[in-house]
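Here is how the chains run, residue by residue.
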Amino acid sequence: MKVLDEGSTVIMAECTSLQFVSPFAFEAMQKVDVVRLASLSDPELRLLLPCLVRMALCAPADQSQSWAQDKKLILRLLSGVEAVNSIVALLSVDFHALEQDASKEQQLRHKLGGGSGESILVSQLQHGLTLEFEHSDSPRRLRLVLSELLAIMNKVSESSGEFFFKSSELFESPVYLEEAADVLCILQAELPSLLPIVDVAEALLHVRNGAWFLCLLVANVPDSFNEVCRGLIKNGERQDEESLGGRRRTDALRFLCKMNPSQALKVRGMVRKRETSSSVLWQMRRQLLLELMGILPTVRSTRIVEEADVEMEPNVSVYSGLKEEHVVKASALLRLYCALMGIAGLKPTEEEAEQLLQLMTSRPPATPAGVRFVSLSFCMLLAFSTLVSTPEQEQLMVVWLSWMIKEEAYFESTSGVSASFGEMLLLVAMYFHSNQLSAIIDLVCSTLGMKIVIKPSSLSRMKTIFTQEIFTEQVVTAHAVRVPVTSNLSANITGFLPIHCIYQLLRSRSFTKHKVSIKDWIYRQLCETTTPLHPQLLPLIDVYINSILTPASKSNPEATNQPVTEQEILSIFQGVIGADSIRLNQRFSITAQLLVLYYVLSYEEALLANTKTLAAMQRKPKSYSSSLMDQIPIKFLIRQAQGLQQELGGLHSALLRLLATNYPHLCIVDDWICEEEITGTDALLRRMLLTNNAKNHSPKQLQEAFSAVPVSHTQVMQILEHLTLLSASELIPYAEVLTSNMNQLLNSGVPRRILQTVNKLWMVLNTVMPRRLWVMTVNALQPSIKFVRQHKYTQNDLMIDPLIVLRCDQRVHRCPPLMDITLHMLNGYLLASKAYLSAHLKETAEQDRPSQNNTIGLVGQTDGPEVTREELKNALLAAQDSAAVQILLEICLPTEEEKAKGVNPDSLLRNVQSVITTSASNKGIEEGEDNLLCNLREVQCLICCLLHQMYIADPNIAKLVHFQGYPCELLPLTVAGIPSMHICLDFIPELIAQPELEKQIFAIQLLSHLCIQYALPKSLSVARLAVNVMGTLLTVLTQAKRYAFFMPTLPSLVSFCRAFPPLYEDIMSLLIQIGQVCASDVATQTRDIDPIITRLQQIKEKPSGWSGICKDLSYKNASGDTGSMDPDVQLCHCIESTIIEIINMSVSGI
């Protein structure tokens, strides 16, 4: 009572020395009675100046004549008052800019906390607030008052109803009270959205002279009287009447009613109504409290019992448990109190807080409802930490939390609930250790099922208890490892699980800091997974891999987790490694196998990506062996994942990304297209035709049928046809028999249908076991040499040297179905070799460091060895690819036996044209068809398809191959059979510019075929360049080189003229010039060739007259002069033949 008396005395002291607005003046302002206002004394009029000045200066809404007269009276009334000038200056400020700065300051205060001294409205004050106010102009005065008022309003909003008294010079100095009141009234009138009058009134209760400022504010805005009174009554509680804040609120209402006596009864009615509603609320709260006390367990001892005492006397427990029938109701009461306190703003009394704490720290039975109750109680303690106010209550909470830790395993095993409160305890402890308070707030709101405002600062005491008393970081990590994994973990299991706790601990590197092994726990959890995939599994694997490779600190580079062992990985795939298994082992789910595959691939990729960093720290984490990777059925698992994309979430796409980066040979586009055909509608129809006979064929029967191939083909054909009806996984047991007998299929007399069926089965197997299948096939197709033991190649051998694939039996080169398989493997191993060398380069990056240390004094040379090794790798890959292309081009050439039969690549193309454009005899047509349908022709088409893909993937390969050159007999085939050969037009000018004569000849011959195939403007410009180069070379070449150059290139001029007739004149001039040069070189010889030159000149001048005899002349020249061995004479005859051919071509074209 003494404190209350002192508070009342202070309030009365504030009021005695100040003049309030009289009821007469307030009524005049309400009615805008100018006559009454004119009768006021100067001190009374001074209090109303802010409103009167705004009336006089602002444009009115009332445009009547009577108001115009009243306005004149107001102006006359104000003309003699000196203080009006300062108010006019206040009204001339830019209030829009002021409002923007005030909004920024509010945002800054909210971000930095209410107690922040930062201010945008007011810069650093040089003197006290009162002196600054005295020396400031009008704009700065507005900013000073606004900044102070906003600070008080923010503090009120953050005080949660607790009253405080704010000492402020500005509102206490009697000298500047009137001027401060003017500024306050102007600010509220000009910035009503920023300063709501009810909020301003609430803030003024917390400063000295607040009631006086409030009355002046309401008097200058008389229409707000009822609103202000209603707000003051609404914001007050019944219990406030006996507090300092309640007395100040009551006195403020009393002064307002004294200023406006006509509304006193109405205000009193509002107060009585508020009291009545408050009493009803109190009755409801009392009833709710009685219900809460009714379900509380037996009253506990006032002594805080230690855990040791409880353990010593297990039969006697002062912590009586909550009855099972009351658990659900208790949970509902807790959520109701959370809503009342967090949303409705209810402030519990001491009795309510005590009973709530007793209920929250009670111990329910081990049922699902009990687990839910403990979780709600724990979250309510976090949300409303003010319920724990005394050391005894805090000790009670600590004991209860310790009980939660002990009983968590028992609750989980008895209740059957996987997501128990133990995981929530661990998660909150980890969030406290990593200072993630916002995550704790989200967790609390999610568990309670309502969005309530929780200040991070209110969690500080709980953080201290958790991190220092209950859950130290070492205790958290040691406890987390002992938590059982979640059985059959999937996305269907919601809530907070052990995986969330382990993930947070891995992120904070707690396991490595305290040397706790987490590898076994993660491995067990990965094994206990099923679909649909839990979203936390992939982030868990990623952060686990990072903790293996990256040390927790530079000072302790060995502080890392251990990787999963190869034996543990192989045990996951035990069911699919053996060839005699058809389906997955049921011991582990497909989800577990895919997650372990994702772990292995991600680990290897991260290891390569961090090679340089690890080398700098002198660490070399263990890489998984190539034999392990060979035993994992990667493609089979990816295919299984493709059918489960909806249930696996992002796992399938993540695996595809890792494959495309590290295993490009398993991501060949042709394989995906083939897979679509195998898994499409046709496959379903074939399954419908599958009979029991087809299922009964064993690999042993297939082997016996292959053994009988030299005698009979019927049995093997029947079995192979039945096998085409099986799925890819069902074909796996037959793979070894199928590949090991491929060599027998190369013998003559094997039907083409058997070869095509074997090719089809091989392609199906390639969708599930490509790497193992390729190795078996390469070993099976090796050439059989008597008395020489065949070398068994491994996957690693073939990746290092992909050209081993082409060292197969020569008969494969003329067996299109098996050649198709060989080319498929070659393409795959070329891609695999690129990935292998890139990985090898990253793995051995640390080998360059000794050489870098020796280069002392060389600036900017640190990356030299890296660049050199990268260039060497690219050179090796280019040589490897070009060698493969050259070997394939050689395969396209006919063998000696085929040449003896009259087969050559050029004739094959010409036969196509002759069959289509000419009407030859039946015999000629049959010969052409034989040539087109031969095995060589089919192999050429397959090779051209592969070369086209290689050229498109890397155009530099095409450039390298053509700079190396190949037999000109293949040019018609490559230009017509490889669609991407047009890219050669880009580098032919560079090829022509080479100093070697052979490359220049090859370039011109290649260009002649490209011009016929691609008659483009670009081809024309390159052809014109070639003609000019030939003219230039004519002047510099010796006789022998001239003959060697022009004899093979002159026929190309005919192709230039056929493709581009505008070149006719230039080419004819070049031919005559060549002839003249040759004639001059043989002028001293006895043989006179002038008639030839004369004839050439005549042909050039009158080509139409020679068209009829060109054929005869060419025949005579060919028969009469072939015996001449003179190079120039032969060149002249070649020139003549070329000109005649051009004329015949042009005449026939006309």
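Quick caveat: nothing in here was measured; it's all calculated off a predicted structure. (Residues numbered from 1 in each chain as written. Predicted model: local features only at pLDDT ≥ 70, side-chain atom pairs only at ≥ 80, totals over all residues. Heavy atoms only, no water.)

Side note on the overall build of the chain
Helix and strand counts for the chain come out as 65 helices and zero strands. Buried positions account for 50% of the 1150 residues belonging to the chain. Across the chain, contacts joining residues at least 24 apart in sequence account for 75% of those joining residues at least 6 apart. For the chain, the exposed surface amounts to about 54,900 Å²; the carbon and sulfur share of it is 54%. (Helix = DSSP H or I, 4+ residues; strand = E, 2+ residues; numbered from the N terminus. Buried < 20%, exposed > 50% of the residue type's maximum accessible area, 1.4 Å probe, protein only. Contact = heavy atoms within 4.5 Å. Areas by Shrake-Rupley, 256 points an atom, 1.4 Å probe, with all protein chains shown as cover.)

Brief notes about the side chain of K873
By secondary structure assignment, the location of K873 is in helix α50 (residues 864-892). Judged by relative accessible area, which is 12%, K873 ranks as buried. Separated by 3.1 Å, the side chains of K873 and E870 make a polar contact. Setting aside chain neighbours within four positions, we find K873 in contact with L837, S838 and L841. (Polar contact = N/O pair within 3.5 Å; in protein donor to acceptor, adjacent residues only side chain to side chain.)

Some details on the nonpolar core
Y599 and F1056 are the most contacted members of the largest nonpolar core, which has 265 residues in total. No other element matches helix α32 (residues 590-609), which puts 13 residues into this core. (Core = buried A, V, L, I, M, F, W, Y, C linked by side-chain atoms within 4.5 Å.)

Looking at the environment of C815
Examined against the element boundaries, C815 turns out to sit in the loop between α47 (795-800) and α48 (816-843). The sequence separation of C815 and L936 amounts to 121 residues, and the corresponding C-alpha distance is 8.5 Å. For C815, the residues in contact, after removing those within four places along its chain, are L746 and L755.

What about the packing of helix α58 (residues 997-1013) against helix α59 (residues 1017-1034)?
Running from N to C, α58 and α59 cross one another at 145°; their axes reach a closest spacing of 10 Å. Of the two elements, α58 crosses α59, and the hand of that crossing is left-handed. Facing α58, whose interface residues are Q1000, I1004, L1007 and C1011, α59 presents S1019, V1022, A1023, A1026, M1030 and L1033. Here the contact of α58 with α59 is built from residues that sort into eight nonpolar, two polar and no charged. (Axes fitted to C-alpha atoms, helices over the stretch in contact; angles between N-to-C directions. Left-handed = near helix turned anticlockwise from the far one by under 90°. Nonpolar A, V, L, I, M, F, W, Y, C, P; charged D, E, K, R; others polar.)

Considerations on helix α7 (residues 84-91)
Buried residues of α7: V84, I87, L90 and L91, and no others. What you see down the axis of α7 is that its buried residues fit within an arc of 115°, all on one side. (Arc of directions from axis to C-beta.)

Quick word on the environment of R109
Its place among the elements puts R109 in helix α8 (residues 95-112). Owing to a relative accessible area of 8%, R109 belongs among the buried residues under this scheme.

Notes on the pattern of salt bridges
With the rule as written, the count across this model stands at 26 salt bridges. With its nearest N and O atoms 3.5 Å apart, the salt bridge here joins R46 to E178. Remark: E178 occurs in helix α11 (residues 177-190) and R46 occurs in helix α4 (residues 42-47); sequence separation between them is 132 residues. Between R807 and D801 there is a salt bridge whose closest N-O contact spans 2.8 Å. (Salt bridge = Lys/Arg side-chain N within 4 Å of Asp/Glu carboxyl O.)

Brief notes about a nonpolar patch on the surface
Taken together, the side chains of F163, F165 and L244 present a nonpolar region at the surface, about 240 Å² in accessible area. Here L244 lies in helix α15 (residues 244-259). Using a relative accessible area of 34% as the deciding quantity, one classes L244 as partly exposed. (Patch = residues over 30% accessible without salt bridge, like charges linked within 9 Å, V, L, I, M, F, W, Y side chains within 5 Å.)

Here's the deal with the environment of F588
You can see F588 is positioned in the loop between α31 (574-577) and α32. Sequence-distant contacts of F588, that is, excluding residues within four places in its chain, are made with C527, S571, I572 and Q593.

Comments concerning unusual backbone geometry
Glycine aside, a negative phi is what most residues show, and trans is what most peptide bonds show. With an omega dihedral of -5°, the bond running from T531 to P532 counts as a cis peptide bond. Within the secondary structure, P532 is located in the loop between α28 (519-527) and α29 (537-549). In this structure, V32 is a non-glycine residue whose phi angle is positive, near 50°. Note on V32: relative accessible area 30%, which makes it partly exposed. Here the phi dihedral of N488 falls at roughly 50°; this positive angle occurs in a residue that is not glycine. Mapped onto the elements, N488 comes out in the loop between α25 (473-482) and α26 (498-507).

Some words on helix α13 (residues 210-220)
Quick reminder: α-helices carry 3.6 residues per turn. Residues three or four places apart thus point the same way. Most of α13 sits inside the fold, with 11 of its 11 residues counted as buried. Looking at α13, one finds that the buried residues are G210, A211, W212, F213, L214, C215, L216, L217, V218, A219 and N220.

Some words on the packing of aromatic side chains
The final tally for this structure, using the stated rule, is 15 aromatic pairs. When the centroid spacing of 5.1 Å and the interplanar angle of 85° are considered together, the rings of F171 and F213 count as edge-to-face. Here F171 is found in the loop between α10 (138-158) and α11, whereas its partner F213 is found in helix α13, with 42 residues between them in sequence. As far as burial versus exposure is concerned, F171 and F213 are alike and both buried. (Phe/Tyr/Trp six-rings, centres within 6.5 Å; stacked < 30°, edge-to-face > 60°.)

Considering the packing of helix α46 (residues 770-780) against α48
At their nearest, the axes of α46 and α48 sit 11 Å apart, and the two run at 125° to each other. Judged by the inter-axis angle, α46 sits oblique to α48. Relative to α48, α46 is oriented so that their crossing is left-handed. Contact with α46, carried on its side by R771, W774, V775, T777 and V778, involves I821, H824, M825, G828 and Y829 of α48 and no other residues of that element. Residues that form the contact of α46 with α48 fall into these classes: six nonpolar, three polar and one charged. (Parallel < 35°, antiparallel > 145°, perpendicular 65-115°, else oblique.)

Structural notes on the state of the cysteines
Per the counting criterion, the structure on display carries zero disulfides. With no disulfide partner, C945 has as its closest neighbouring cysteine sulfur the one in C941, 6.9 Å distant. Counting only cysteine sulfurs, C1132 is the nearest neighbor of C1134, a cysteine outside any disulfide, at a range of 9.9 Å. (Disulfide = S-S within 2.5 Å.)

Some thoughts on the confidence of the model for the chain
On average, residues of the chain carry a pLDDT of 79, and 80% of them reach 70 or more. Per-element mean pLDDT across the chain ranges from 39 in helix α17 (residues 307-312) up to 94 in α58. The model gives residues 1106-1123 a pLDDT under 50, and that stretch makes 19 contacts with residues more than four places away or in other chains. (pLDDT = per-residue confidence, 0-100.)

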